[in-house]
Amino acid sequence: MAENKMLKFVTVGRDMPEKRDAEARRQDFDEIYGEYAAEKAAEQSARCSQCGVPYCQTHCPLHNNIPDWLRMTAEGRLREAYELSQATNTFPEICGRICPQDRLCEGNCVIEQSGHGTVTIGSVEKYITDTAWEQGWVAPIRPAQERKESVGIIGAGPAGLAAADMLRREGVQVTIYDRYDRGGGLLTYGIPGFKLEKDVVMKRMAQLEDGGVTFVMNCNVGEDMSFEEIRSAHDAVLIATGVYKSRDLQAPGVGADGIVRAIDYLTASNRKSFGDDVAEFDSGELNAEGKRVVVIGGGDTAMDCVRTAIRQGAESVKCLYRRDRANMPGSQREVANAEEEGVEFIWLTAPKGFTGEAGSSEGTGPVRGVVVDRMRLGAPDATGRQMPELIEGADYIEEADLVIKALGFEPEDLPALWGVEGLEVTRWGTVKAEFETGRTSLPGVYAAGDIVRGASLVVWAIRDGRDCSAAILEELGQSAAVAAE
């Protein structure tokens with residue numbers, strides 16, 4: 001049955017008379033796709049073995065009750081499945097799309113480990129949540145009782161949004177301050193639309209705003225408003241800024257035109273998808289069309305860059321990574337997707353420098369190539385990963401018109417940036433906070449997400465935001481009890 005539906009799904013546009021208008025064609029497409037997706041979701045969910053030790057659940061940072069909502073999906077009880085998934089995950093439609101399931105729930109599925117292929121948990125999660133939105137099952141935020149306490153949240157990324165959702169449902173007044181013009185953080189501007197459609201994020205933003213969350217956008221803390229102003233306006237403050245400082249290279253020629261940061265490249269692409277005017281994209285500076293693109297890095301951000309460049313019509317896209325495939329930090333599923341789309345991975349290579357146009361001085365003019373060192377793997381480091389070692393005399397030049405540095409992110413120096421005394425940070429620059437509560441060294445100030453744990457997964461940021469909101473609610477309740485005495 002599913003195969004027949006898929007055949008109709010593939011040929012729906014081809015066999016329609018041309019006189020059918022676009023809206024009718026879209027409706028037919030949606031109907032056939034919906035039937036096919038429903039069958040596949042039920043089929044995959046029925047494969048769950050309901051094992052005695054649900055490793056999928058224990059390896060999910062949110063400890064989602066995956067076996068039970070799979071069983072409900074297999075039985076056609078989609079609304080119950082959605083409500084169960086929503087009980088532990090503030091944004092299941094987002095996690096279903098971008099979580100690295102191959103490293104978390106699906107990678108620990110008992111059926112996968114026995115060699116029969118994993119249950120496609122992420123796809124089922126996406127399906128039941130999309131269905132919930134379509135059917136109107138996603139309940140608006142309507143607190144049973146409003147409270148006078150207020151919380152200021154700095155950062156509209158997944159940690160801040162998850163905390164805001166939980167706090168508003170308890171009636172707390174919430175204001176979110178963010179440097180960008182749209183909420184969502186890296187969900188909006190860092191992750192490409194082919195992985196996370198922007199309307200999915202905007203629906204959650206609209207739900208929060210409709211539920212009473214106040215957003216103060218285009219607000220750079222330390223410039224437009226001081227941290228102390230925010231702190232004095234609220235009963236508690238949550239720092240959820242994420243980490244946006246890009247790691248950089250120190251190499252000859254690194255200042256040449258056409259060598260750009262991954263965050264700038266992805267932000268320009270995402271802004272363009274919103275219909276914004278993006279001068280750097282229109283000029284070609286942050287546009288890969290027709291160019292030989294080299295991406296440096298092996299994480300998920302690098303995968304986002306190479307796959308975006310393919311979609312922009314790059315002449316060629318290559319990814320340099322200093323270790324081998326088995327030791328790269330990014331998702332193996334993402335690598336496989338990129339290879340299928342035409343990306344070439346050059347393992348055990350590292351940039352040594354950059355070449356420019358003939359006649360231009362070092363570090364000026366457009367880039368024309370990457371001087372590449374070949375590497376080999378040596379002894380393991382403290383994490384157990386083998387350290388790359390230079391192979392002397394094996395360097396060569398990889399031609400390039402656009403080089404994207406996807407080397408990871410580090411925290412900004414918040415105490416200096418915001419002029420805050422007493423906010424303790426770790427030796428890595430992340431905010432020092434209690435493990436479960438997120439309490440910092442400043443009374444009434446909490447921190448959650450990447451600014452605490454370093455660059456990590458969206459699902460961990462959601463977990464941190466939910467945990468912090470629980471701790472904030474407890475503290476606000478204690479303060480209210482003291483005030484009532």
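Everything numeric in this text was worked out from a predicted model, so none of it was measured.

Break down the sheet that holds strand S8 (residues 316–321) for me, citing the residues and quoting the values.
Strand pairing in a sheet takes place through backbone hydrogen bonds and is either antiparallel or parallel in direction. Across the sheet, which stays open at both edges, the 5 strands sit in the order S6-S14-S7-S8-S9 with parallel pairing between neighbours. Each end of this open sheet is capped by a strand with a single partner; those strands are strand S6 (259–261) and strand S9 (344–347). Taken pair by pair, the neighbouring strands of this sheet meet at an average axis angle of 25°, ignoring direction. Together, S6 and strand S14 (402–405) form the strand contacts of helix H13 (residues 262–273), whose direction differs from that of S6 by roughly 75°. Packing of helix H15 (residues 300–311) onto the sheet brings it into contact with strand S7 (292–296), S8, S9 and S14, and relative to S8 it is tilted by some 170°.

Which residues make up the pattern of salt bridges, and what values go with them?
As enumerated under the stated definition, the model contains 43 salt bridges in all. Ionic pairing is found between Asp300 and Arg103, a salt bridge with its closest N-O pair at 3.9 Å. On the criterion of sequence distance, the pair formed by Asp300 in helix H15 and Arg103 in the loop between helix H6 (92–98) and helix H7 (110–113) is long-range, its members being 197 residues apart. When its relative accessible area of 25% is taken as the criterion, Asp300 is described as partly exposed. The exposure class of Arg103 is partly exposed, given its relative accessible area of 34%. The partner of Glu106 in a salt bridge is Arg333, with the nearest N and O atoms 2.7 Å apart. Placement of Glu106 in the loop between H6 and H7 and of Arg333 in helix H16 (residues 332–341) is noted, with a sequence separation of 227 residues between them. Given a relative accessible area of 4%, Glu106 falls into the buried group. Arg333 sits in the partly exposed class, given a relative accessible area of 35%.

Report on the sheet that holds strand S2 (residues 173–177), specifying residues and quantitative values.
Taken together, the 5 strands give an open sheet; going across it, the order is S3-S2-S1-S4-S16, and neighbouring strands pair in parallel fashion. Unpaired on one side and paired on the other, strand S3 (214–216) and strand S16 (445–447) mark the two borders of the sheet. Neighbour to neighbour, the strand axes of the sheet diverge by 20° on average, direction disregarded. Relative to S2, strand S1 (residues 150–154) runs parallel, the two sharing 5 bridges. When the sheet's bridge partners are listed, Ile153 is paired in S2 with Ile176. Contacts between helix H9 (residues 158–169) and the sheet are confined to S1, S2, S3 and strand S4 (236–239), with S2 contributing the most and set at about 165° to the helix.

Run through the packing of aromatic side chains, naming residues and quoting values.
Tallying each qualifying case throughout the model produces 5 aromatic pairs. Arranged with centres 5.2 Å apart and planes meeting at 55°, the rings of Tyr180 and Tyr189 form a pair that is tilted. Tyr189 sits in the buried class, given a relative accessible area of 1%. Between Phe345 and Trp347, the ring centres sit 5.2 Å apart and the planes meet at 10°, which makes this aromatic pair stacked. A cation over a ring is seen here: Arg182 above Phe274, with NZ or CZ 4.0 Å from the ring centre.

The rules behind these values
Residues numbered from 1 in each chain as written. Predicted model: local features only at pLDDT ≥ 70, side-chain atom pairs only at ≥ 80, totals over all residues. Heavy atoms only, no water. Pairing = 2+ DSSP bridges. Helix = DSSP H or I, 4+ residues; strand = E, 2+ residues; numbered from the N terminus. Axes fitted to C-alpha atoms, helices over the stretch in contact; angles between N-to-C directions. Contact = heavy atoms within 4.5 Å. Salt bridge = Lys/Arg side-chain N within 4 Å of Asp/Glu carboxyl O. Buried < 20%, exposed > 50% of the residue type's maximum accessible area, 1.4 Å probe, protein only. Phe/Tyr/Trp six-rings, centres within 6.5 Å; stacked < 30°, edge-to-face > 60°. Lys NZ or Arg CZ within 6 Å of the ring centre and 35° of its normal.

Purely geometric stuff here, so don't read any function into it on its own.
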